[in-house]
Amino acid sequence: MDGEADGTVAVSEDCDPSRRRRVHGMLKLYYGMNKEGKAAEEMESLDPCDINGPHFDPELYLNKLRRECSLTELMDQETCMVKQIRSLDSDMQTLVYENYNKFISATDTIRKMKNDFKKMEDEMDCLSANMAAITEFSASISGTLQDQHAQITKLSGVHTLLRKLQFLFELPARLNKCLELQAYAQAVSSHRRARCVLQQYSHLPSFKGIQDDCHAIMDELAQELRQKFRDGGSSAKDLSECVELLLQLDEPAEELCDKFLSHARSRLESDLQGLEAEIRPYPSASAVKDASARRLLSTAGAGSPTDNSPKTSTLPSPTSNTDILEFIDRGCNEFVSSLCLVITSYQELFINHAQTGELATKNIPQMANGKLHVFVDDLAARYFSLVERRIQEEKGVGDNSLLVRALDRFHRRLQAVAKLLPGSAVPNKGTEIVVRAATERVKQYLSALQSFYMDSLTDVRQALATPRLSVAGASVAGGGAHLGGAASGRDAPTSLPELLSSLSASILNQIKSVLASVHLFTAKDITFSNKPYFKGEFCSQGVRESLVVSFIKFVCQSSRQFCESAGDKGGSTPPALLLLLSRLCLDYETSTISYILTLTDEQFLVQHHSPVTPVTSLCAEAREAAQKLLNHYVKVQGLIISQMLRKSVETRDWVNTIEPRNVRAVMKRVVEDTTSIDVQVGLLYEEGVRKAHSSDSSKRTFSVYSSSRQQARYAASYTPSAPMDTNLLSNIHKLFSERIDIFSSVEFNKVSVMTGIIKISLKTFLECVRLRTFGRYGLQQIQVDCHYLQMYLWRFVSDENLVHFLLDEIVGSSAHRCLDPAPMEQSVIEVICERG
């Protein structure tokens, strides 16, 4: 081999360049190169100096090497090329050697195959001869037996007929035996096989007798099957087999369905009667109201804002021995489970069971399915009625967990009915009950919140009526408490703020507690909470709108109702309560409403797909209520002071009065009550903005009577026409004065409130003066009283000129109505007022 290989190499070296290139191409092919010497994915080189390229030119390559390389580099290049040539020659020698071995192996294989095929040809010839002999032998046998084949076929038919006749004659005995062994299916099958034959040959006496015997036996069998079907005590498989056999015995399918459902109805009605026995008549409305009142009193007092959880006293259920969860459990475990079992059994018997033969043409499943829907809907309606009655007994709004768990279990079990009976209206009606129960619960919580709010206001009124709070700075009973100015109000200046804070906190805590209770309806482990038909509508319209928004509107509306009735002394509502409620509504407008609605939206993930009440609308309503309450407070307090002034003017004889020596007590009372009101308002409202006061506000004199020169001129010119001139001067003075709106709306600050009260009081004083006639000393008494009022009232109002103008009007009107207008000297007035 080596010699041959060496010879091949030697020949290769002596061959022309084309021969060498062809051998080189074979090596490239062996090593996965294309015929140009490059990998398939490489681009072809067009460089003639690329020794591996297809366009390689030896002469150019050598010339390039001579030009660019030194002698040493040329020698190195030669050495490298010699190594490469030797390596390629070695590779070619190995390739030739391997290919030679493969060729020798292929030659041996071909030689062996030739020998094997020769042997196979001999065997095929032998097989062909054997097949020909077998064919000849088979034809010889068929010819021999051909005469006896017809006789054998005839005998076989006779044998089959005898066997059938034997079966017919033995059929009555066979049926009796099956009846004894309770092999009902085998008996029916045997009878069905022979029924057509017996019917066909019933004109023959022997077959007629067999047919009558079989009919009698099958009637007895059918009777036993009917009895077994009516008992229903066997397993579902046996019952299914019983129905199948009765249908094969031509029993009417509709009658079987009615019997099955009638038997099931009796059992299910007994379950319903057991549930109905647990429901007693509804509690009276008074009992519900009393229980709700007890719950509200125990939940949170007016001064307990830290009580976060509602300590409710729920209405005792009429079925005190069975709570709602036990009731629903019993209904689900007894009635619903039995109903599901009936549905499953019925469907297995009449609907899902594969019908064959004649039964397949009777459309039994369609008829049976219709009867089943009517049956289920009827009983489910009665069950739902009982469930709703029991849910309505849950009047207490304490712990919701039992009700929610009961509704969840009720909803879960009805889903089983939906799976067993597609297309049934039962699950939808059950869902409606759940939604109505949740909605009714929300209404109960709204009613409880409203009752709690009204009870809290009652507690606030009682707290306002206590002597402690009266001393704290409130004229709570129409001005009946005499306070010693602002100093007395400092005994307990935080009483009203504490009461407001307590009321606001208790209401807010109650709302949070209610939201926490209602949130149980949307818990993740509650099946119906994630349903689109429940969660979106319940959270948006149920909780947000029907509960939170409705309660906020109720607070505003009930607060405004305190402004609707007012008697002679401002109605029966304490003025301090009006002030407190106005501040409560204002706080709701500024922060509480936004906080409550944000808390609701975050807690219930409210999606505002349906229209909801915007926050701005509620805030506007709260601000309107606050404004109305504050205006009414100003009106009530003004009327209280006005009543004192009116009585003091109407009950005095101003013509025959004595010379004034001091300030009347009623004026001191007016100043004291005004000071008390100022302290009271200051506890809840900020100071407000005042106009700059003059340095001598408390020493200001009235322009008409401020100098002796004016007094003398007035006295000298007092003739019947003088009042006309004085009225003219007064009217001219009014033209250049600002118009005073007595009953205008006040701002939410103390200065504005006090200004409104003083305007009403002084305007009443002015109108009462205009209706009286005064003597000399009556006029002087009015001067003293007005100066005393001016000394103290200017500091309460936003603009002192308003007080000065009204007091000027009062003194001027008194002078116009005076029979002997002789004003008192200003110095004497000041001495009397300072002494008083």
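Residues numbered from 1 in each chain as written. Predicted model: local features only at pLDDT ≥ 70, side-chain atom pairs only at ≥ 80, totals over all residues. Heavy atoms only, no water.

The chain is annotated in an unreviewed UniProt entry as Vacuolar protein sorting-associated protein 51 homolog of Seriola dumerili. Entered under Function (unreviewed entry) in the UniProt record, the comment concerning the chain runs "Involved in retrograde transport from early and late endosomes to the late Golgi. The GARP complex is required for the maintenance of protein retrieval from endosomes to the TGN, acid hydrolase sorting, lysosome function, endosomal cholesterol traffic and autophagy. Acts as component of the EARP complex that is involved in endocytic recycling." (UniProt positions renumbered as here; feature names shortened; annotations may be inferred.)

*Asks:* Just checking my understanding: could you explain the overall build of the chain for this structure?
*Replies:* What the chain contains, in helices and strands, is 26 helices and 0 strands. Here the contacts in the chain between residues at least 6 apart in sequence split such that 82% fall between residues at least 24 apart. With an accessible surface of roughly 44300 Å², the chain has 54% of that area assigned to carbon and sulfur atoms. (Helix = DSSP H or I, 4+ residues; strand = E, 2+ residues; numbered from the N terminus. Contact = heavy atoms within 4.5 Å. Areas by Shrake-Rupley, 256 points an atom, 1.4 Å probe, with all protein chains shown as cover.)

*Asks:* When you look at the packing of aromatic side chains in this model, what are you seeing that I'm missing?
*Replies:* Aromatic rings in a pair are described by how distant their centres are and how their planes are angled relative to each other. Summed over all chains, the structure comprises 10 aromatic pairs. Measuring from centroid to centroid gives 5.3 Å for F56 and Y61, while their planes differ by 65°, and the two rings are edge-to-face. For F56, a relative accessible area of 22% puts it in the partly exposed group. Of the residues examined, Y61 reaches a relative accessible area of 12% and is grouped as buried. The interplanar angle of 25° and the centroid separation of 6.3 Å between the aromatic rings of Y685 and F748 together place this pair among those described as stacked. Of this pair, Y685 sits in the loop between α20 (665-682) and α21 (708-716) while F748 sits in the loop between α22 (722-735) and α23 (750-770), and the two are 63 residues apart along the sequence. Here F748 falls in the buried class, since its relative accessible area comes to 13%. Grouping aromatic residues by their ring pairs yields a cluster made of F335, Y383, F384 and F410. Cation over ring: R583 sits above Y685, and NZ or CZ is 5.2 Å from the ring centre. Lying across the ring of W654, R652 places its NZ or CZ 5.4 Å from the centre. (Phe/Tyr/Trp six-rings, centres within 6.5 Å; stacked < 30°, edge-to-face > 60°. Buried < 20%, exposed > 50% of the residue type's maximum accessible area, 1.4 Å probe, protein only. Lys NZ or Arg CZ within 6 Å of the ring centre and 35° of its normal.)

*Asks:* Would you explain the side chain of S814 in this entry?
*Replies:* Here S814 is to be found in helix α25 (residues 800-816). For S814, a relative accessible area of 0% gives the class buried. Looking at S814, its side chain comes within polar contact range of the main-chain oxygen of I810, at 2.8 Å. Those residues in contact with S814 that sit more than four places away from it in its chain are V769, F774, L779 and I782. (Polar contact = N/O pair within 3.5 Å; in protein donor to acceptor, adjacent residues only side chain to side chain.)

*Asks:* Before we go on, may I ask you to explain the environment of L639 in this structure?
*Replies:* Among the secondary structure elements, L639 is positioned in helix α19 (residues 615-650). By relative accessible area, which is 26% here, L639 ends up partly exposed. Spatially, the C-alpha atoms of L639 and T764 are 8.6 Å apart, while their sequence positions differ by 125 residues.

*Asks:* Honestly, the nonpolar core in this entry has me stumped. Any pointers?
*Replies:* Nonpolar side chains in soluble globular proteins tend to end up buried together. With 162 residues, the main nonpolar core has F375, Y383, V518, F521, L547 and F765 as its most contacted residues. Composition of this core by domain shows at least three residues from each of domain 3 (444-465 + 495-634) and domain 4 (652-687 + 723-835). Non-local contacts of L547, meaning those with residues more than four positions away in its chain, are made with V442, Y445, L446, L449, V514, L515, V518 and G542. (Core = buried A, V, L, I, M, F, W, Y, C linked by side-chain atoms within 4.5 Å. Domains from an automatic or database assignment.)

*Asks:* So what exactly am I meant to see when it comes to the packing of helix α11 (residues 364-392) against helix α13 (residues 426-464) here?
*Replies:* Packed helix pairs are specified by the crossing angle of their axes together with the interaxial distance, meaning the distance between the axes. Two elements in contact, α11 and α13, have axes whose closest approach is 10 Å; the angle formed by their N-to-C orientations is 10°. Considering the angle they form, α11 stands roughly parallel to α13. For the pair α11 and α13, contact is made by V376, D377, A380, F384, V387, E388 and I391 and by V426, K429, G430, I433, R436 and A437, respectively. Residue composition of the contact of α11 with α13, grouped by class: 8 nonpolar, 1 polar and 4 charged. (Axes fitted to C-alpha atoms, helices over the stretch in contact; angles between N-to-C directions. Parallel < 35°, antiparallel > 145°, perpendicular 65-115°, else oblique. Nonpolar A, V, L, I, M, F, W, Y, C, P; charged D, E, K, R; others polar.)

*Asks:* Help me understand a negative patch on the surface, please; the structure alone is not making it clear to me.
*Replies:* Taken together, the side chains of E121, D122, E123 and D125 make up a negatively charged region of the molecular surface. Tracing the sequence through the fold places D122 in helix α4 (residues 71-181). Its relative accessible area of 45% is what places D122 among the partly exposed residues. (Patch = residues over 30% accessible without salt bridge, like charges linked within 9 Å, V, L, I, M, F, W, Y side chains within 5 Å. Salt bridge = Lys/Arg side-chain N within 4 Å of Asp/Glu carboxyl O. Lys, Arg positive; Asp, Glu negative; His and termini not counted. Charge placed at Lys NZ, Arg CZ, Asp CG, Glu CD.)

*Asks:* Explain a nonpolar patch on the surface to me, please; I cannot follow it from the model alone.
*Replies:* The grouping of M113, F117, M120, M124, L127, M131 and I134 at the surface amounts to a nonpolar patch, some 720 Å² of accessible area in total. Looking at the element boundaries, M120 is found in helix α4.

*Asks:* Would you take a moment to explain the pattern of salt bridges for this structure?
*Replies:* Opposite charge on two side chains permits them to pair, given that their charged atoms come into close proximity. Per the counting criterion, the structure on display carries 27 salt bridges. R390 is the partner of E393 in a salt bridge, and the nearest nitrogen-oxygen pair spans 3.4 Å. According to the relative accessible area criterion, E393 is buried, its value standing at 1%. We classify R390 as buried; its relative accessible area is 0%. A salt bridge links D820 to R776; its shortest N-O distance comes to 2.7 Å. Of this pair, D820 sits in the loop between α25 and α26 (826-835) while R776 sits in helix α24 (residues 776-793), and the two are 44 residues apart along the sequence. Sharing partners across several salt bridges, the network here consists of K763, E767, R770 and E809.

*Asks:* Explanation requested: the state of the cysteines in the structure shown.
*Replies:* Note: disulfide means a covalent bond formed between the sulfur atoms of two cysteine side chains. Under the criterion given, the structure shown has 0 disulfides. Free of any disulfide, C585 has its nearest cysteine sulfur in C556, 5.1 Å distant. Judged by its relative accessible area of 1%, C585 falls in the buried class. (Disulfide = S-S within 2.5 Å.)

*Asks:* Which parts of the structure should I look at to understand α20?
*Replies:* Think of an α-helix as turning once every 3.6 residues; residues three or four places apart then point the same way. The terminal C-alpha atoms of α20, which comprises 18 residues, lie 26 Å apart, in line with the 26 Å expected from a rise of 1.5 Å per residue. The buried fraction of α20 amounts to 14 of the 18 residues, a majority that puts the element mostly inside the structure. (Expected span 1.5 Å × (residues − 1).)

*Asks:* Which parts of the structure should I look at to understand α25?
*Replies:* For α25, which comprises 17 residues, the first-to-last C-alpha distance of 24 Å matches the rise-based estimate of 24 Å (1.5 Å per residue) to within 8%. Of all 17 residues in α25, 15 are buried; the element is thus mostly enclosed.

*Asks:* I keep staring at the packing of α13 against helix α16 (residues 495-518) and nothing clicks. Help me out?
*Replies:* At their nearest, the axes of α13 and α16 sit 11 Å apart, and the two run at 165° to each other. Here α16 runs roughly antiparallel to α13, going by the angle between their axes. Judged by the sense of rotation from one axis to the other, the crossing of α13 with α16 is right-handed. On the side of α13, the interface is formed by V442, Y445, L449, F452, Y453, S456, L457, V460, A463 and L464, while α16 contributes L496, L499, L503, S506, I507, Q510, I511, V514, S517 and V518. The residue inventory of the contact of α13 with α16, partitioned by class, reads 16 nonpolar, 4 polar and no charged. (Left-handed = near helix turned anticlockwise from the far one by under 90°.)

*Asks:* Could you clarify how one ought to interpret the confidence of the model for the chain in this entry?
*Replies:* Caution is warranted with low-pLDDT regions, since their predicted coordinates should not be read in detail. Looking at the chain, the pLDDT average stands at 74 and 68% of residues meet or exceed 70. Within the chain, no element has a lower average pLDDT than α21, which sits at 33, and none a higher one than α19, at 90. Segment residues 695-726 is flagged for pLDDT under 50; beyond a separation of four residues in sequence, or across chains, it makes 46 contacts in the model. Contacts from residues 732-738, a stretch scored under 50 in pLDDT, to residues over four places away or in other chains number 5 contacts. (pLDDT = per-residue confidence, 0-100.)

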